[in-house]
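Geometric and topological summary
Below, each chain spelled out in residue letters.
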Amino acid sequence: AEPIFVRVGHTGNQALDFIQFLTPNNAARLTPNKAQYSALTTPDGTFVDDLLVYCLEENVYLLVVNAANTDKDYNWILKHKNQFDVILLDIKLPKMSGIEVLRKVKQAPSAVEVIMITGYGDVQSAVDSLKLGARDYVTKPFKLDDLLTIVRKAISDSEVKLPKPSEPFDTR
C-alpha cells in the first residue's frame with residue numbers, strides 16, 4: 001500500500017505553486033488526467049524521495065510518495081503539513097500504520113483534513129480513524145470522482161472552492 005497526499009487548489013495557481021515548491025519538475029506542463037515522475041525536494045533542492053504527481057484537473061494534484069521510505073517522507077511532509085489542505089492517507093503502510101501517522105498529524109495544531117483510504121476496511125480501523133480526527137474513511141476500489149467529491153466537501157467546509165470535475169477517472 002502506498003500513502004497518498006493531495007494538495008487541492010485554492011483559487012488561482014496556489015496549488016500549482018505548491019507543487020512547483022515541492023518538486024523540481026515543471027508541473028505546469030501537466031494537463032488533466034496526466035502524471036509526471038518527479039522528486040520530493042527541500043527548498044534548497046536537497047532530494048527527499050521520488051514521487052508521482054498526477055494532475056486530476058486544473059489546480060487539483062495528487063501526490064503519491066514512495067512507500068519504501070515512508071518515515072523520511074512523512075517526517076518531511078509532517079513538517080510542512082500546514083501547506084496541505086487535505087491529506088489522503090492509506091491505512092496499510094510498510095513501516096508504520098496510517099493510524100499512527102494520523103495520530104501524529106492530529107497532535108499538532110493544524111487545519112489540515114485527513115481522509116483515510118484502505119483496501120482492508122474494517123469497523124475498528126474506521127472507528128479509530130474517526131475518533132482520532134479523520135474527516136472520512138474510504139475503501140478501495142473507489143471512483144476518483146467520488147473521492148474528489150469528498151475532498152471538495154472538506155475544502156468547501158474550510159471556505160475554499162474547487163472547480164468541478166473535468167471528466168471521469170477511475171482507480172479500478
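Residues numbered from 1 in each chain as written. Predicted model: local features only at pLDDT ≥ 70, side-chain atom pairs only at ≥ 80, totals over all residues. Heavy atoms only, no water.

1. Some details on the overall build of the protein chain
Tallying secondary structure elements over the protein chain gives five helices and seven strands in all. The buried share among the 172 residues of the protein chain stands at 48%. Contacts spanning at least 24 positions in sequence make up 55% of the contacts within the protein chain whose residues lie at least 6 apart. Surface accessibility of the protein chain: about 8,600 Å² in total, with carbon and sulfur atoms responsible for 51%. (Helix = DSSP H or I, 4+ residues; strand = E, 2+ residues; numbered from the N terminus. Buried < 20%, exposed > 50% of the residue type's maximum accessible area, 1.4 Å probe, protein only. Contact = heavy atoms within 4.5 Å. Areas by Shrake-Rupley, 256 points an atom, 1.4 Å probe, with all protein chains shown as cover.)

2. Quick word on the pattern of salt bridges
Under the criterion given, the structure shown has two salt bridges. Two residues, Asp 90 and Lys 140, come together in a salt bridge whose shortest N-O distance is 2.7 Å. In this pair, Asp 90 is assigned in strand E5 (residues 86-90) and Lys 140 in the loop between strand E7 (136-139) and helix H5 (144-157), connecting sequence segments 50 residues apart. (Salt bridge = Lys/Arg side-chain N within 4 Å of Asp/Glu carboxyl O.)

3. Description of the side chain of Ser 38
With respect to the helices and strands, the residue Ser 38 is situated in strand E2 (residues 34-41). Beyond its immediate stretch of four places on either side in the chain, Ser 38 contacts Thr 23, Pro 24, Asn 25, Asp 50, Leu 51 and Val 53.

4. Details of helix H1 (residues 14-22)
An α-helix turns once every 3.6 residues. As a result, residues three or four positions apart point the same way. For H1, the full list of buried residues reads Ala 15, Leu 16, Phe 18, Ile 19 and Leu 22. Burial along H1 is one-sided: seen end-on, the buried residues are contained in an arc of 160°. (Arc of directions from axis to C-beta.)

5. Focus: the packing of aromatic side chains
Evaluated as defined, the whole model comprises zero aromatic pairs. Positioned above the aromatic ring of Tyr 120, the side-chain terminus of Lys 92 is 5.4 Å from the ring centre. (Phe/Tyr/Trp six-rings, centres within 6.5 Å; stacked < 30°, edge-to-face > 60°. Lys NZ or Arg CZ within 6 Å of the ring centre and 35° of its normal.)

6. Things to note about the environment of Ala 126
Structurally, the position occupied by Ala 126 is in helix H4 (residues 123-131). For Ala 126, a relative accessible area of 17% corresponds to the buried category. Taking C-alpha positions, Ala 126 is 8.4 Å from Met 116, a pair spaced ten residues apart along the chain.

7. Regarding the pairing of strand E6 (residues 113-118)
Among the six residues that make up E6, six are buried, leaving the element largely enclosed by the rest of the structure. Because side chains alternate across E6, one face comprises the buried residues Glu 113, Ile 115 and Ile 117, and the other comprises Val 114, Met 116 and Thr 118, equally buried. When E5 meets E6, the two strands line up parallel, connected through five bridges. Bridge pairing links Ile 87 to Val 114 in E6. Pairing geometry for E6 and E7, over four bridges, is parallel. Looking at the pairing, Met 116 lines up with Tyr 137 of E7. (Pairing = 2+ DSSP bridges.)

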